[in-house]
Amino acid sequence: MHLGLIAGNGRFPFLVLDAARAAGHQVTIIALKEEAFPELELEAAKAPSSAVHRVSLGKLGTWVGLLEKAGVTHALMAGQVKHTKLFSDIVPDMTALSLLTRIRSNNTDAIIGAVGDFLRERGIELIDSTAFLTPLMAGEGLLTRRAPSDEERADLEFGYRIADVIAGLDIGQTIAVKSVAVVAVEAMEGTDQVIARAGQLAGPGVSIVKVAKPNQDMRFDVPVVGVATIRAMHAAGARVLSVDAGKTLMIDGDAIIAAADAAGIAIVGRRLG
């Protein structure tokens, strides 16, 4: 398979690149200029089977054309594109402008879903962004040495009801809870900022609930946690992290569990279905 990798920021694209090449795939990388780490070119240069094109987020026609020219038949998206980019000075090309006229709202599902439909029209199938990273998906149950207390479990059960509604409305996928009260809700700012704000508002003892959307499309916007998440929680005094089993990418693998154990933070994988 000749795979296209549409890369945002973070280390997610690096993991996908390594895993796809290990599986024998040729990879053409569209590194979104405003987001992708500059080290991505260095990583791609380690193997002749990977080409990198750094293209602005708004130049949809350019980067889709590059994928077509390379003979790409399947593509995946990996890495974050900050939602606040919607309000930046990115200039869309005519292809992007045409696509934007098709959608009724500027939320994540609508925009990236429309991109997926456009790629399919051009003969490129957008696949599950975690297709090569199954071992890094969160497991079920208690994942750390420390288990949540009864009070923390009550916060989680309360938090699930709220977080599922918020995620279903495509507002955000993370909330902070303490004493059966919502402390902070994610919108465009991202998980780490929500955690920091929760610590400022409620002090130590906050529980963090990160969920998948009710009908999570695993082709994009997959929930991701890493060691940085644990560091943010430790700094804020947060004590418990819940993620959805099988729907959350634990990007640092076992290092996340080790960091949580060292900080006395409990991590649980919520069973879905």
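Everything here concerns the structure above.
These figures come from a predicted structure and were not determined experimentally.

Caption draft 1: View of the overall build of the chain. What the chain contains, in helices and strands, is nine helices and 13 strands. Relative to the 2.2 N^0.38 estimate, which gives 19 Å for 273 residues, the radius of gyration of the chain is 19 Å and therefore close to what a compact globule would have. Taken over 273 residues, the chain has a buried fraction of 51%. Nonlocal contacts in the chain, meaning residues at least 24 apart in sequence, comprise 74% of its contacts between residues at least 6 apart. Working note: accessible area of the chain is about 12,200 Å², and carbon and sulfur atoms make up 56% of it. Placing the 27 positive and 31 negative side-chain charges of the chain at their respective mean positions leaves the two points 2 Å apart.

Caption draft 2: Representation of the sheet that holds strand β1 (residues 2–7). The strand order across the open sheet built from five strands is β3-β2-β1-β4-β5, with neighbouring strands paired in parallel fashion. This sheet does not close on itself; its edge strands, each paired only once, are β3 (50–55) and β5 (125–126). With six bridges joining them, β1 and strand β2 (residues 26–32) adopt parallel strand pairing. Looking across to β2, one finds that Ile6 is bridged to Ile30.

Caption draft 3: Fine view of the pairing of strand β9 (residues 207–210). Alternating residues of β9 divide into Ser207 and Val209 and Ile208 and Lys210, and every residue in both groups is buried. Here strand β7 (residues 174–178) runs beside β9; their pairing, made up of four bridges, is antiparallel. Its bridge partner lying in β9, Ala176 is registered against Ile208. Pairing analysis gives three bridges linking β9 to strand β11 (residues 240–244), with the strands arranged parallel. By the bridge assignment, Ser207 is partnered in β11 with Val240.

Thresholds, definitions, all that
Residues numbered from 1 in each chain as written. Predicted model: local features only at pLDDT ≥ 70, side-chain atom pairs only at ≥ 80, totals over all residues. Heavy atoms only, no water. Helix = DSSP H or I, 4+ residues; strand = E, 2+ residues; numbered from the N terminus. Rg over C-alpha atoms; globule rule 2.2 N^0.38 Å. Buried < 20%, exposed > 50% of the residue type's maximum accessible area, 1.4 Å probe, protein only. Contact = heavy atoms within 4.5 Å. Areas by Shrake-Rupley, 256 points an atom, 1.4 Å probe, with all protein chains shown as cover. Lys, Arg positive; Asp, Glu negative; His and termini not counted. Charge placed at Lys NZ, Arg CZ, Asp CG, Glu CD. Pairing = 2+ DSSP bridges.

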